[in-house]
Amino acid sequence: MAVVGDRIAERAADDFGRSAPRVVSALERLRVSPSADPERIQAAVLIAARGDLTLLDDALEHAREDHRDLLDRAGLAGDDWRERLDAALGHG
């Protein structure tokens, strides 16, 4: 489990409005592999969810099962994932 950073919290607020606290809580409860970057996985969930709570649940399930598929779906699987992350969340 990883604490959600400011960039993720801001994106959750932008995408989910009043549901953002629920989204942030779900992201903080998400278990991430020690070898994975937590912000990358959390961002992939938000990008894949596109502000929709049903899609959020689906993205969280993908993150639990095999985060590599989720990263691909969110466009964060390539070597340029850091740049794409910054583009999606703003520079941290």
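So, here is what we can say about the structure in this document.

Scoring rules and cut-offs
- Residues numbered from 1 in each chain as written.
- Predicted model: local features only at pLDDT ≥ 70, side-chain atom pairs only at ≥ 80, totals over all residues.
- Heavy atoms only, no water.
- Helix = DSSP H or I, 4+ residues; strand = E, 2+ residues; numbered from the N terminus.
- Buried < 20%, exposed > 50% of the residue type's maximum accessible area, 1.4 Å probe, protein only.
- Contact = heavy atoms within 4.5 Å.
- Salt bridge = Lys/Arg side-chain N within 4 Å of Asp/Glu carboxyl O.

**Details of the side chain of Gln-42**
Link 1 in the chain: Residue placement: Gln-42 occurs in helix α3 (residues 38–49).
Link 2 in the chain: The exposure class of Gln-42 is buried, given its relative accessible area of 2%.
Link 3 in the chain: Among all residues touching Gln-42, those that are not within four sequence positions of it are Ala-2, Val-3, Val-4, Ile-8 and Leu-27.

**A short note on the pattern of salt bridges**
Two side chains of opposite charge can pair, provided their charged atoms sit close to one another.
Link 1 in the chain: Throughout the structure, instances matching the rule amount to eight salt bridges.
Link 2 in the chain: Here Arg-84 makes a salt bridge to Asp-80, at a shortest N to O gap of 3.1 Å.
Link 3 in the chain: For Arg-84, a relative accessible area of 44% translates into the label partly exposed.
Link 4 in the chain: In this structure Asp-80 comes out as partly exposed when scored by relative accessible area, which is 33%.
Link 5 in the chain: Through salt bridges with shared partners, a single network forms among Arg-7, Glu-39 and Asp-86.

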